[in-house]
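# Secondary and tertiary structure notes
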Amino acid sequence: MTTFATATGIGSWPGRSVRTAAEIVVGELDRLPYLPELPDRGVGADSIGRAGALLVDIAIDIVPRGYRVAARPGAVTRRAVSLLGEDLDALEEAWDKAGGARSGRAVKVQCPGPITLAAQLELANGHRAITDPGAVRDLTTSLAEGMATHRAEVSRRLSTTVVVQFDEPLLPAALAGRLAGASVLAPVHPVDEATAVALLDECVTAVGGDALVHCCAADVPWDVLRRSAVSAVSAVSVDLATLDDRGRDGLGGFIDSGRTAVLGLLPIAAVDPVPSFEQVAAAAAVVTDRLGFPRAVLGERVGLSPVCGLAGATAAWAKTATALTQRAADALAQDPAAV
């Protein structure tokens with residue numbers, strides 16, 4: 001069984017109570033809890049804002065459209081660093097309270113991938129950073145170094161293995177040239193696939209350990225993810241409901257390459273009636289059955305999660321979805337043939 005072949009979550013969490021979030025995530029997820037992100041706290045607490053706390057020698061500020069690369073650290077960078085520190089303190093407290101150091105569990109941390117980060121950050125001239133190859137290289141190197149340091153700190157604090165998730169929701173749009181430019185006269189040209197592979201591999205190699213790429217878009221770029229060295233991107237996380245036949249074929253090819261797929265099954269919004277964990281496990285089994293895999297693959301190379309981050313969920317549903325995901329993963333691990 002691989003690190004990611006279990007229950008986990010994507011990263012974001014509703015509300016503003018970091019301690020409550022950490023206690024639920026650590027308490028409910030038996031094998032792969034994660035460091036929650038609570039974007040409801042505002043600037044610096046969302047995924048791109050958190051990246052501002054991780055980047056080395058690159059600062060961020062805010063502009064009407066989002067975040068911008070800044071000449072020097074200011075209030076936004078300091079706030080992002082402070083919020084990340086609060087999150088780490090809350091996770092460490094929940095981890096110690098739950099006896100995490102004795103459990104043998106790994107922990108997952110998240111950040112934007114290099115392409116999504118460069119697509120979301122604005123340069124001083126108002127253009128996306130992804131339009132400037134030099135800026136993309138600098139951001140990638142900075143992110144890789146910052147995440148390596150972050151992973152090492154979390155590992156030291158919790159005395160356990162730490163794995164990394166790179167969020168790349170904009171990777172398909174960047175590859176297809178669908179990102180909007182600052183104006184109609186300044187389009188954003190497509191990112192070359194070989195460049196995308198190199199940027200992802202640079203980050204994953206620098207950080208070390210197992211790494212997962214999360215992409216909740218419908219057109220997951222399977223060719224890019226498969227071309228990444230097996231020692232680099234070891235798992236991919238997708239929203240199962242968005243995949244068409246071609247997407248499912250890509251998913252099958254990725255699993256067949258010996259790597260792990262984390263299937264997003266539970267929606268962000270609460271559903272009525274609430275499915276049983278048996279139904280969630282069965283939904284995963286249907287996918288691998290259709291792809292022609294033996295049931296054993298469910299316990300070895302398939303993980304489960306909600307379809308995306310839970311920031312938009314109610315607190316009650318976030319906890320319920322997390323618990324259901326874990327119970328479904330347990331069922332698959334114990335007896336996949338019986339699901």
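Just so it is clear, the structure is predicted and the values come from calculations on it, not from any experiment. (Residues numbered from 1 in each chain as written. Predicted model: local features only at pLDDT ≥ 70, side-chain atom pairs only at ≥ 80, totals over all residues. Heavy atoms only, no water.)

## What about the overall build of the protein chain?
In plain terms, the rule: Elements are defined by DSSP. Helices are runs of H or I of four residues or more, strands are runs of E of two residues or more, and each kind is numbered from the N terminus. Computation of the radius of gyration draws on C-alpha atoms, with the globule rule given as 2.2 Å multiplied by the number of residues to the power 0.38. Using a 1.4 Å probe on the protein chains alone, a residue whose accessible area is under 20% of its type maximum counts as buried, one over 50% counts as exposed, and one in between counts as partly exposed. Throughout, a contact is declared for two residues whenever any of their heavy atoms are within 4.5 Å. Using a 1.4 Å probe, the Shrake-Rupley method yields the accessible areas, and only the shown protein chains count as cover for residues.
Of the regular secondary structure elements, the protein chain holds twelve helices and nine strands. Taking 339 residues into account, the globule formula puts the C-alpha radius of gyration at 20 Å, and the protein chain, at 19 Å, falls close to it. Based on the C-alpha atoms only, the size of the protein chain along its principal axes is roughly 60 × 45 × 40 Å. Across the 339 residues that make up the protein chain, the buried fraction comes to 54%. A sequence separation of at least 24 residues applies to 75% of the contacts in the protein chain between residues at least 6 apart. Here the protein chain has roughly 13700 Å² of accessible surface; of this, 52% comes from carbon and sulfur atoms.

## With respect to the packing of helix H5 (residues 133-158) against helix H7 (residues 193-207)
Cut-off, in case you're wondering: Where helices are involved, their axes are fitted lines through C-alpha atoms of the stretch in contact, as for all axes, and angles between N-to-C directions lie from 0 to 180°. In these notes the angle categories are as follows: under 35 degrees is roughly parallel, over 145 is roughly antiparallel, 65 to 115 is roughly perpendicular, and the rest is oblique. The sense of a crossing depends on the near helix, which, turned anticlockwise from the far helix by less than a right angle, makes the crossing left-handed and, turned clockwise, makes it right-handed. Note on residue classes: Ala, Val, Leu, Ile, Met, Phe, Trp, Tyr, Cys and Pro are nonpolar, Asp, Glu, Lys and Arg are charged, and everything else, Gly too, is polar.
Look at H5 against H7: their axes get within 8 Å of each other, and the N-to-C directions meet at 25°. In terms of axis orientation, H5 runs roughly parallel to H7. Where H5 crosses over H7, the two elements pack in a sense that is right-handed. Here Val136, Thr140, Thr141, Leu143, Ala144, Met147, Ala148 and Arg151 of H5 come into contact with H7, specifically with Leu199, Glu202, Cys203, Ala206 and Val207. Grouping the constituent residues of the contact of H5 with H7 by class yields nine nonpolar, two polar and two charged.

## Remarks on the packing of helix H1 (residues 18-28) against helix H3 (residues 75-97)
The N-to-C vectors of H1 and H3 enclose an angle of 40°; their axes lie 8 Å apart at closest approach. Taken as axis vectors, H1 and H3 run oblique relative to one another. Relative to H3, H1 is oriented so that their crossing is right-handed. Residues Val18, Arg19, Ala22, Glu23 and Val26 of H1 form the contact with H3, whose own contacting residues are Glu86, Asp87, Ala90, Leu91, Glu93, Ala94, Trp95 and Lys97. Residues that form the contact of H1 with H3 fall into these classes: seven nonpolar, no polar and six charged.

## Focus on the nonpolar core
What tends to happen in soluble globular proteins is that the nonpolar side chains get buried as a cluster. The test is simple: Buried Ala, Val, Leu, Ile, Met, Phe, Trp, Tyr and Cys residues form a nonpolar core when they are joined through side-chain atoms within 4.5 Å.
By size, the foremost hydrophobic cluster in this structure holds 105 residues, and its most contacted members are Trp13, Ile130, Met147, Phe166, Leu251 and Leu263. Counting residues in hydrophobic clusters, the runner-up holds seven residues, among them Ala106, Val163, Leu212 and Ala235.

## Considering H7
Because each turn of an α-helix spans 3.6 residues, side chains separated by three or four positions end up pointing in the same direction. To keep it simple, the criterion reads: Take the number of residues in a helix, subtract one, and multiply by 1.5 Å to get its expected span. In protein, a polar contact requires one atom able to donate a hydrogen and another able to accept it; more generally it is a pair of N or O atoms within 3.5 Å, and residues adjacent in sequence count only if both atoms are side-chain atoms.
Taking 1.5 Å as the rise per residue, H7 with 15 residues should run 21 Å; its terminal C-alpha atoms sit 21 Å apart, in good agreement. Burial in H7 covers these residues: Ala196, Val197, Leu199, Leu200, Asp201, Cys203, Val204 and Val207. Put simply, Asp192 is the residue that caps the front of H7, since its side-chain oxygen is 3.0 Å from the backbone nitrogen of Ala194. Of the residues one or two after H7, Gly208 is the one with positive phi, at around 80°.

## Remarks on the side chain of Arg105
Applied cut-off: Positive charges are assigned to Lys and Arg, negative charges to Asp and Glu, while His and the chain termini are left out of the count. Within this document, salt bridges are pairs made up of a side-chain nitrogen of Lys or Arg and a carboxyl oxygen of Asp or Glu, the two lying within 4 Å of each other.
Here Arg105 is to be found in the loop between H3 and strand E3 (107-112). In this structure, Arg105 is buried with no salt-bridge partner, the nearest side chain bearing the opposite charge being Asp30 at 5.3 Å. Only 2.6 Å separates the side chain of Arg105 from the backbone oxygen of Leu29, close enough to count as a polar contact. Excluding residues within four positions of it along the chain, Arg105 makes contact with Val26, Leu29, Asp30, Arg31, Pro33, Trp95, Ala98, Gly100 and Thr160.

## Let's talk about the environment of Ala180
Within the element layout of this structure, Ala180 appears in the loop between helix H6 (171-176) and H7. With 159 residues separating them along the chain, Ala180 and Val339 place their C-alpha atoms 45 Å apart. Contacts of Ala180, omitting those with residues within four sequence positions, involve Arg128 and Val188.

## Things to note about the sheet that holds strand E2 (residues 66-70)
So the rule is basically this: Only strands that DSSP links by at least two bridges are regarded as paired with each other.
Pairing within the open sheet is mixed, and its three strands lie in the order E1-E2-E4. Strand pairing shows two members of the sheet lacking a second neighbour, strand E1 (59-63) and strand E4 (121-122), which therefore form its edges. Bridge analysis of E1 against E2 gives five bridges, and the strand direction is antiparallel. Looking at E2, one finds that Ala59 is bridged to Ala70.

Nothing here speaks to function; it is geometry throughout.
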